[in-house]
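# Structure assessment
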Amino acid sequence: MSIAAYHRTIAECDDPRKIEYRVFLRITLALENNRHADWRCAELKDALWRNLELWNALRADLLEDGNALPEALRAGLVSLSFAVNRNTQRVLRGEGGIDLLIHINRSVMQGLQGAAQQPARELATEELSYGT
């Protein structure tokens, strides 16, 4: 079995909450690594855009009729997604910091924590290139 096929198999079998946790972790670590960077820093902008992309995808999923999460939780997460959007725009205009974004992500990660059995740093370094 090739490495790509192995990764594809893992992706298909892994717990979705664990995958979500890993994605949040990687993006949050990128934000934290650039916490003190100038708003024009390319690495910070990349982390901000990846975070915004994650939250936009999450919001789209939460708004789907078939989403099985409780309605109150869905509403709260959708509200957070709009807060992430607003705060990201402020940061990209040089009008604010990223601490709120990090706090929001860490809070969501705590909610997902039960699905993640491995230490956080270990999860962050696992290969997630499915099928490539």
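Scroll up for the structure.
The paragraphs below set out a description of the structure included in this document.

Criteria and thresholds
- Counting of residues starts from 1 at the beginning of each chain's written sequence and follows it residue by residue.
- Where totals are concerned, whole chains, interfaces and linings use all residues; where local detail is concerned, this predicted model gives features only for residues with pLDDT of at least 70, and gives and counts side-chain atom pairs only at 80 or more.
- Side-chain numbers here rest on the full set of heavy atoms in the structure, without hydrogens or water.
- Joining through side-chain atoms within 4.5 Å is the link that ties buried Ala, Val, Leu, Ile, Met, Phe, Trp, Tyr and Cys residues into a set, and such a set is a nonpolar core.
- Per-residue accessibility, obtained with a 1.4 Å probe over protein chains only, is compared with the maximum for each type, and a residue is labelled buried under 20%, exposed over 50%, and partly exposed between these values.
- Note on conventions: DSSP H or I runs of at least 4 residues are helices, E runs of at least 2 residues are strands, and numbering of each starts at the N terminus.
- Any pair of residues with heavy atoms lying within 4.5 Å of one another is described as a contacting pair.
- By convention, a stacked pair of Phe, Tyr or Trp rings (six-membered ring in the case of Trp) has centres within 6.5 Å and planes under 30 degrees apart, an edge-to-face pair has planes over 60 apart, and any other such pair is tilted.
- Each ring is checked for a lysine NZ or an arginine CZ that lies within 6 Å of its centre and within 35 degrees of its normal; such an atom marks a charge sitting over the ring.

Nonpolar side chains in soluble globular proteins tend to end up buried together. Residues F24, L31, L48, W55 and I98 are the most contacted members of the largest nonpolar core, which totals 29 residues. Those elements that provide at least two residues to this core are α2 (16–33), α3 (42–62), α4 (71–92) and α5 (99–112). Looking at which element gives the most residues to this core, the answer is α3, with 8 residues. Setting aside chain neighbours within four positions, we find F24 in contact with L54, W55, L58, N105, V108, M109 and L112.

Before going further, it helps to spend a moment on the packing of aromatic side chains. Each aromatic ring pair is described using two quantities: the centre-to-centre distance and the angle formed by the ring planes. This structure, assessed with the given rule, holds 1 aromatic pair. Ring geometry for F24 versus W55: centroids 5.6 Å apart, planes at 80°, classification edge-to-face. In this pair, F24 sits in helix α2 while W55 sits in helix α3, placing the two residues 31 residues apart along the sequence. Assigned by exposure class, F24 and W55 land together as buried. Sitting above the plane of the F82 ring, R59 keeps its charged end 4.5 Å from the centroid.

On to the side chain of T88. Examined against the element boundaries, T88 turns out to sit in helix α4. Those residues in contact with T88 that lie beyond four places of it in its chain are L48, L52 and L101.

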